[in-house]
Amino acid sequence: SELNSSFDSKFFWVIRNPYDYVNSGLCRKWYTGSGGIWDAFREKPKTGWKTNTTQLQKIAWQWCEINKIIECQSKHLKNLRIYYFEDLINDKKLIVDLAAWLGGTDLDLEAVSNILNMQINVGKYSAPRDPVTGDHIFGEINLNKTEKIAFSHTDVEEFIRSNWKSSLLERYLT
């Protein structure tokens, strides 16, 4: 039975590029013990990690697990839309369409452009930013984009292929 058949519920799932996700996790030192307070609460397999599991594999595993859970749950939803993150960022009309579908009628292309230009989560610090300059309120300079770390996309792809089988992956896997 469909979970939201008796409710007027709407759900959307945004799938992020796995290579960007891994890069972000590497930059934030996930699964190293140096990833801040949240590192202790990060998802781990119920059986624990194999002794030779790399940081890259742990982050790729987390990406797979999050999306596998959502995919499994989404099979029971009647009002579901699936988006790829980069499509939303690159096509403002998609965001306006999504907002309208959700019931938000005040969002237009100009508003979306203004929101996207804020780039709230692009730096490596989470300190509050000045809304005008984008600089961190505590004096740090805005770091623009998260740095790109060199890692093997092939290793990520192989790991993902062995951990999540889905047609939704075709876009990212060669």
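For the structure itself, consult the block above.
Residues numbered from 1 in each chain as written. Predicted model: local features only at pLDDT ≥ 70, side-chain atom pairs only at ≥ 80, totals over all residues. Heavy atoms only, no water.

Focus: the side chain of S74
1) Next: Looking at where S74 falls in the secondary structure, it is placed in helix 2 (residues 55-74).
2) Next: Judged by relative accessible area, which is 9%, S74 ranks as buried.
3) Next: Residues contacting S74, with those up to four places away along its chain left out, are W13 and L80. (Helix = DSSP H or I, 4+ residues; strand = E, 2+ residues; numbered from the N terminus. Buried < 20%, exposed > 50% of the residue type's maximum accessible area, 1.4 Å probe, protein only. Contact = heavy atoms within 4.5 Å.)

Remarks on helix 6 (residues 153-163)
1) Next: Restricting attention to buried positions, one finds in helix 6 the residues V156, E157, F159 and I160. The arc that holds every buried residue of helix 6, seen down its axis, measures 165°, which confines them to one face. Residues of helix 6 that are exposed and point more than 90 degrees away from the buried face comprise E158 and S162.
2) Next: Contacts from the buried residues of helix 6 go to helix 1 (18-27) and helix 2. (Arc of directions from axis to C-beta.)

Remarks on the pattern of salt bridges
1) Next: Taken as a whole and judged by the stated rule, the model has 7 salt bridges.
2) Next: Residue D20 is joined to K148 by a salt bridge in which the shortest nitrogen-to-oxygen separation is 3.7 Å. Remark: K148 occurs in the loop between helix 5 (109-118) and helix 6 and D20 occurs in helix 1; sequence separation between them is 128 residues.
3) Next: According to the relative accessible area criterion, D20 is partly exposed, its value standing at 32%.
4) Next: According to the relative accessible area criterion, K148 is exposed, its value standing at 65%.
5) Next: For D97, the salt bridge goes to R81, with nearest N and O atoms at 2.9 Å. Separated by 16 residues along the polypeptide, D97 in helix 4 (residues 92-102) and R81 in strand 2 (residues 80-84) bring together distant segments of the chain. (Salt bridge = Lys/Arg side-chain N within 4 Å of Asp/Glu carboxyl O.)

Focus: the packing of helix 2 against helix 6
1) Next: Running from N to C, helix 2 and helix 6 point in directions that differ by 40°, and their axes come no closer than 9 Å. It follows that helix 2 is oblique to helix 6 by the angle criterion. Once helix 2 is placed against helix 6, the crossing between them reads as right-handed. Between helix 2, through L56, Q57, A60, W61, W63, C64 and K68, and helix 6, the contact on the second element is made entirely by D155, V156, F159, I160 and N163. (Axes fitted to C-alpha atoms, helices over the stretch in contact; angles between N-to-C directions. Parallel < 35°, antiparallel > 145°, perpendicular 65-115°, else oblique. Left-handed = near helix turned anticlockwise from the far one by under 90°.)

Just geometry here; none of it tells us what the structure is for.
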